[in-house]
Amino acid sequence: MNESMKPKVGEYAPYYGKYIDKIINEDISKLLLNQVEEIRKFYEEMGEEKSNQAYAEGKWTAKEVLNHIADTDRVMTFRALCFSRGETSPLPGFDQDIYVSNARANDIPLMNLLEDFEMQRYALVSMLKTLPIASYTKTGIASNHEVSVRALFYIMAGHVFHHLEVLKERY
């Protein structure tokens, strides 16, 4: 995927524009993998103890944020698979707060969460590399909005940038 593969406005819900706009002239496959190292470095410097803390009452801990990123990658990857294969049934949304609550990320060692994110990203990039180019522009309905396969990949990359910005600023 290159710049010409960047999704156009209308291929995703307006809400996701803030994520997609963060990706400028980048090879999306390389970017998705480079984010693994960026996340790993950030969390290893933070450490186990601090990653169990939230920056404010009622906010997620850093571990919960990491688990949320991996969960979001999984959901978006599933959507990309479905739409790339021609699925026509609408796919449901997901309530991120319920996912975070039920994941119990604070009970999981940080290194396990990092490995989980890394493995998810390797699977994601493997899928991206094996998709026919024609499938990148296929669309489907998820969370009551039309979205293209290529938009889903950009959303995942921008989502990590968004959370890294918050993590670096507040944790």
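Bear in mind the structure is a predicted one, so any value in this text is a computation, not a measurement. (Residues numbered from 1 in each chain as written. Predicted model: local features only at pLDDT ≥ 70, side-chain atom pairs only at ≥ 80, totals over all residues. Heavy atoms only, no water.)

S.K.: What is the right way to read the packing of helix 2 (residues 28-51) against helix 6 (residues 149-170) from this model?
M.R.: Packed helices, taken two at a time, are described by the angle between their axes plus the distance between the axes. One can describe the packing of helix 2 onto helix 6 by two numbers: an axis separation of 10 Å at closest approach and a directional angle of 25°. Relative to helix 6, helix 2 is oriented roughly parallel. Crossing of helix 2 over helix 6 shows left-handed handedness. Of helix 6, the residues touching helix 2 (which contributes I28, L31, L32, Q35, E38, I39, F42 and Y43) are F153, Y154, M156, A157, V160, F161, L164, L167 and K168. (Axes fitted to C-alpha atoms, helices over the stretch in contact; angles between N-to-C directions. Helix = DSSP H or I, 4+ residues; strand = E, 2+ residues; numbered from the N terminus. Parallel < 35°, antiparallel > 145°, perpendicular 65-115°, else oblique. Left-handed = near helix turned anticlockwise from the far one by under 90°. Contact = heavy atoms within 4.5 Å.)

S.K.: Looking at this structure, I do not really get helix 3 (residues 62-84). What am I missing?
M.R.: Residue pairs spaced three or four apart in an α-helix point in one direction, given the helix's 3.6 residues per turn. Taking 1.5 Å as the rise per residue, helix 3 with 23 residues should run 33 Å; its terminal C-alpha atoms sit 33 Å apart, in good agreement. Most of helix 3 sits out of view: 20 of its 23 residues are buried. Note on helix 3: the residue one or two positions beyond its end, G86, has a positive phi of about 95°. (Expected span 1.5 Å × (residues − 1). Buried < 20%, exposed > 50% of the residue type's maximum accessible area, 1.4 Å probe, protein only.)

S.K.: Please explain the nonpolar core as it appears in this structure.
M.R.: One broad rule of soluble globular proteins: the nonpolar side chains tend to lie buried together. Core analysis: the largest hydrophobic core is formed by 32 residues, its most contacted members being I28, L32, F83, V147, F153 and I155. Put simply, the parts of the chain that give this core at least two residues each are helix 1 (17-20), helix 2, helix 3, helix 5 (110-130) and helix 6. Broken down by element, this core gets its largest block of residues, 9 residues, from helix 6. Grouped together as the second largest cluster of nonpolar side chains are 21 residues, F42, L66, A70 and V100 included. (Core = buried A, V, L, I, M, F, W, Y, C linked by side-chain atoms within 4.5 Å.)

S.K.: Even after reading the chapter, I still don't get the environment of A105, so can you show me in this structure?
M.R.: Tracing the backbone shows A105 in the loop between helix 4 (96-103) and helix 5. For the pair formed by A105 and T72, sequence separation is 33 residues and the distance between their alpha carbons is 14 Å. Sequence-distant contacts of A105, defined by excluding residues within four places in its chain, comprise K63, E64, N67 and L113.

S.K.: I keep staring at the packing of aromatic side chains and nothing clicks. Help me out?
M.R.: Aromatic ring pairs: the centre-centre distance and the angle between the two ring planes describe each pair. Under the counting rule described, the total for this entry stands at 6 aromatic pairs. Ring geometry for Y15 and Y16: centres 5.2 Å apart, planes at 75°, overall edge-to-face. Centroid distance F94 to Y99: 5.0 Å. Interplanar angle 55°. Geometry classified as tilted. For F94, a relative accessible area of 22% corresponds to the partly exposed category. A relative accessible area of 37% places Y99 in the partly exposed class. (Phe/Tyr/Trp six-rings, centres within 6.5 Å; stacked < 30°, edge-to-face > 60°.)

S.K.: Sorry, what's going on with helix 6 here?
M.R.: Taking 1.5 Å of rise per residue, 22 residues should cover 32 Å, and helix 6 covers 32 Å from first to last C-alpha, within 8% of that figure. Among the 22 residues that make up helix 6, 16 are buried, leaving the element largely enclosed by the rest of the structure.

S.K.: Would you take a moment to explain unusual backbone geometry for this structure?
M.R.: Note on backbone geometry: most residues besides glycine have negative phi, and most peptide bonds are trans. The phi torsion at R104 lies on the positive side, around 55°, for a residue other than glycine. On the secondary structure map, R104 appears in the loop between helix 4 and helix 5. With a phi close to 55°, S143 is a non-glycine residue in the positive phi region. Note that S143 resides in the loop between strand 1 (139-142) and strand 2 (145-148).

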